[in-house]
Amino acid sequence: MPLIDMPEFSGELLEEFERRRTVRVNTPVIQPAEPFLDMAGEDLRRRIFLTESETGASLCLRPEFTIPVCLRHIETATGTPKRYSYLGEVFRQRREGAHEFYQAGIEDLGEADIASADARAIADAFGILSRLLPSRPLTVTLGDQAVFEAVVKALGLPLGWQKRLIHAFGDMAHLEALLERLARPQPVAGLDPEIALLLASGNEDELVARIDSTMQATGYSTNASRSPLEIARRLREKRTLAQTQLDGGALLLLREFLTLRLPLSQASAALAGFADAAGLKLGPAIAQFDARVAALSVIGVDLSAMTYRAAFGRPLDYYTGLVFEVTEEGGSAVLAGGGRFDRLLTLLGAKDRIPAVGFALWLDRIETAREAQ
Amino acid sequence: MTLTIALPSKGRIKDGTVEIFERAGLGITSIGNDRSYRGRLEGVDGVEIAYLSASEIARELAAETVDFGVTGEDLVREGMPGVDEKVEFCARLGFGQADVVVAVPEIWLDVETMADLGDVAADFRARHGRRLAIATKYWRLTQQFFSRQHGIQLYRIVESLGATEGAPAAGQADIIVDITSTGSTLKANHLKVLTDGVILKSEACLVRARKPEHNADPRVEQIVRAVRAVTGGSDG
């Protein structure tokens, strides 16, 4: 395919977007780089094409559409709910495959009925792919950040530990390392004996004053990002967290949960069973999960093509609930990926909290799959 | 075919290399006068020396415009992706030692390890309205260490080409990733290295670009063997 051409099935895609009542939007190819690096982290830097404006502002070639579409939504302030669709080129440095390729997708912003919006995003991705790849069996893998968060909370860990685990969700190696630390707590080391004494005495004011005077003396006060109080409080929290030990039973439960992988139609019962057997109250997260499954049934999606994998998540702090991927049955290429990102719009500067769910279609991979037909 | 060895044009690494090469029976003579940037290796036919600035040597190795180079491991690892496929670290020369480290303000009494830093980074945006900022010239090493080895994603790199140790007190960044040999500059700027914050223990290395034609060239093996013989025989 010459790169200047749109994929040959673009017409069908645009038809689908219209039929699914979306507003098609475009965004500039050249984008400010800050929001992408800020949201996705520095690791993205080596995977995007960066350049600079004459005045030194960092710019990049659009590496994806979600952030530009959300920024545009915030700027135009046209209110919610909105269903946006896009189709255009994105640019990434990849070891394999072209550096410029097409993506299309839908971003559903501001729909208050979370379960229905989630179900619709999955159904849209699945439905569009089924049309582009007729009579090819597809599978959906689904995860849920909120269910994991509920399990971690229900285990009764201190807030700091909950945050650590939740933050690592989706990164199995990091999560394993944390579980290892929870199994074998290490005392806080390397602390100045005087500070340790102050800490033990619980005299926060004095500790803060001590930190403050050192900061003054060493010239760190003027521009300090972390205040003496913040440092003192975290020091105390760290000591508490270091003493936290998760007993073997709770660790086993967490590990057992992370290995859950089953057909979506059985997932609600399995999660309820797990919660019961473990004596954990998972409450609203499970209710939300069940409501989503019910909403999928109402739309008439075939649940048998869907698998719930408890450990499936994305280690970025703006994902809040559903995550999903569509592949060909037995295939590994992700044809569509999506999820719920209720925190993203606020992080990007929206004044109100705007719930959001969406997905992106990898048109180059879809094209390869069509050619293999 | 001429083999080219790139050496730093001045400084400690140049002097140390000339000395090691001499002990290895590979004396270096200048072409023309003493201040020339070209030289020749005695004892092996058709080997030229090109004197380059230290930071260019990694680049020329990656581009395969030179066959060997002597430079700090930090510059090579920072300078090219997929480094071990592109070059071979033939010998560690025992000088130019310096560590690439993660250092934070001493007064961050609660931060001793990368795990502590991960906690602080995760919360940073909520507390300060921006991500944790790291001043460094080692973009690649920092990303690899933070993202891949420690699962820390949420931070921003602020490019710093010099006087990096001053960045935290000046408010340009919160912490730094920089090279240190004695630690005295860090100390003078009230910074401390995290207990598991050593990213790389670097020193001057003889580095070979992995060119296919080297396999059939006995001079390549001869040079590597001679240098290893006087540096304790260890390879990279």
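From a predicted model like this one, the values you see are computed outputs, not experimental measurements.

(A) Layout of the overall build of chain B. Scanning chain B from terminus to terminus reveals nine helices and 12 strands. Over its C-alpha atoms, taken along the principal directions, chain B stretches across nearly 65 × 35 × 30 Å. Of the contacts made within chain B by residues no fewer than 6 positions apart, 69% connect residues no fewer than 24 positions apart.

(B) Quick look at the sheet that holds strand 5 (residues 82-91) of chain A. Read across the open sheet, the nine strands follow the order 1-5-6-12-11-10-7-9-8 (chain A); overall the sheet is mixed. The open sheet has two free edges, formed respectively by strand 1 (23-24) and strand 8 (261-263) of chain A, since each of these has just one partner strand.

(C) Just the sheet that holds strand 3 (residues 50-52) of chain A, in detail. Residues and elements named next belong to chain A. On the basis of which strands lie adjacent, the open sheet formed by three strands has the order 2-4-3 and antiparallel pairing. The sheet is open, and its two borders are formed by strand 2 (30-32) and strand 3, each paired with just one other strand. Ignoring strand direction, the axes of neighbouring strands in this sheet form an average angle of 40 degrees. Across three bridges, the pairing between strand 2 and strand 4 (residues 58-61) is antiparallel. Counted as the bridge partner of Ile30 is Leu61 from strand 4.

(D) Geometry of the packing of helix 5 (residues 145-154) of chain A against helix 6 (residues 159-168) of chain A. Residues and elements named next belong to chain A. Closest axis-to-axis distance for the helix 5/helix 6 pair is 10 Å, and the angle between their directions is 155 degrees. Put simply, helix 5 runs roughly antiparallel to helix 6. In this structure, the crossing between helix 5 and helix 6 has a hand that is right-handed. Residues Glu149, Val152 and Lys153 of helix 5 form the contact with helix 6, whose own contacting residues are Gln162, Leu165 and Ile166.

(E) Region of the structure containing the domain arrangement of chain A. Residues and elements named next belong to chain A. Partitioning chain A into domains gives domain 1 (10-137 + 329-371), domain 2 (145-185 + 246-313) and domain 3 (193-243). Computed from C-alpha atoms alone, the centre-to-centre distance between domain 1 and domain 2 is 26 Å. The interface of domain 1 with domain 2 comprises nine residues on the first partner and seven residues on the second. When its residues are assigned to classes, the side of domain 1 that touches domain 2 shows six nonpolar, one polar and two charged.

(F) Fine view of the interface of chain B and chain A. Listed as interface residues are 26 residues of chain B and, on the opposing side, 34 residues of chain A. Only helix 5 (114-128), helix 6 (139-149), strand 9 (155-159) and helix 7 (167-170) of chain B provide two or more residues apiece to the side of chain B that touches chain A. It is helix 5 of chain B that contributes the most residues to the side of chain B that touches chain A, five residues altogether. Each residue belonging to the side of chain B that touches chain A can be placed in one class, and the counts come to 10 nonpolar, eight polar and eight charged.

(G) Examining the domain arrangement of chain B more closely. All names here are of chain B. Parsing chain B into structural domains produces domain 1 (3-97 + 203-230) and domain 2 (98-201). Measuring from the centre of the C-alpha atoms in domain 1 to the corresponding centre in domain 2 gives 32 Å. Taken together, the six residues of domain 1 in the interface contact eight residues of domain 2. Across the side of domain 1 that touches domain 2, the residue classes break down as no nonpolar, two polar and four charged.

How each quantity is defined
- Residues numbered from 1 in each chain as written.
- Chains lettered and ligands numbered in written order.
- Predicted model: local features only at pLDDT ≥ 70, side-chain atom pairs only at ≥ 80, totals over all residues.
- Helix = DSSP H or I, 4+ residues; strand = E, 2+ residues; numbered from the N terminus.
- Contact = placed C-beta atoms within 7 Å.
- Pairing = 2+ DSSP bridges.
- Axes fitted to C-alpha atoms, helices over the stretch in contact; angles between N-to-C directions.
- Parallel < 35°, antiparallel > 145°, perpendicular 65-115°, else oblique.
- Left-handed = near helix turned anticlockwise from the far one by under 90°.
- Domains from an automatic or database assignment.
- Nonpolar A, V, L, I, M, F, W, Y, C, P; charged D, E, K, R; others polar.

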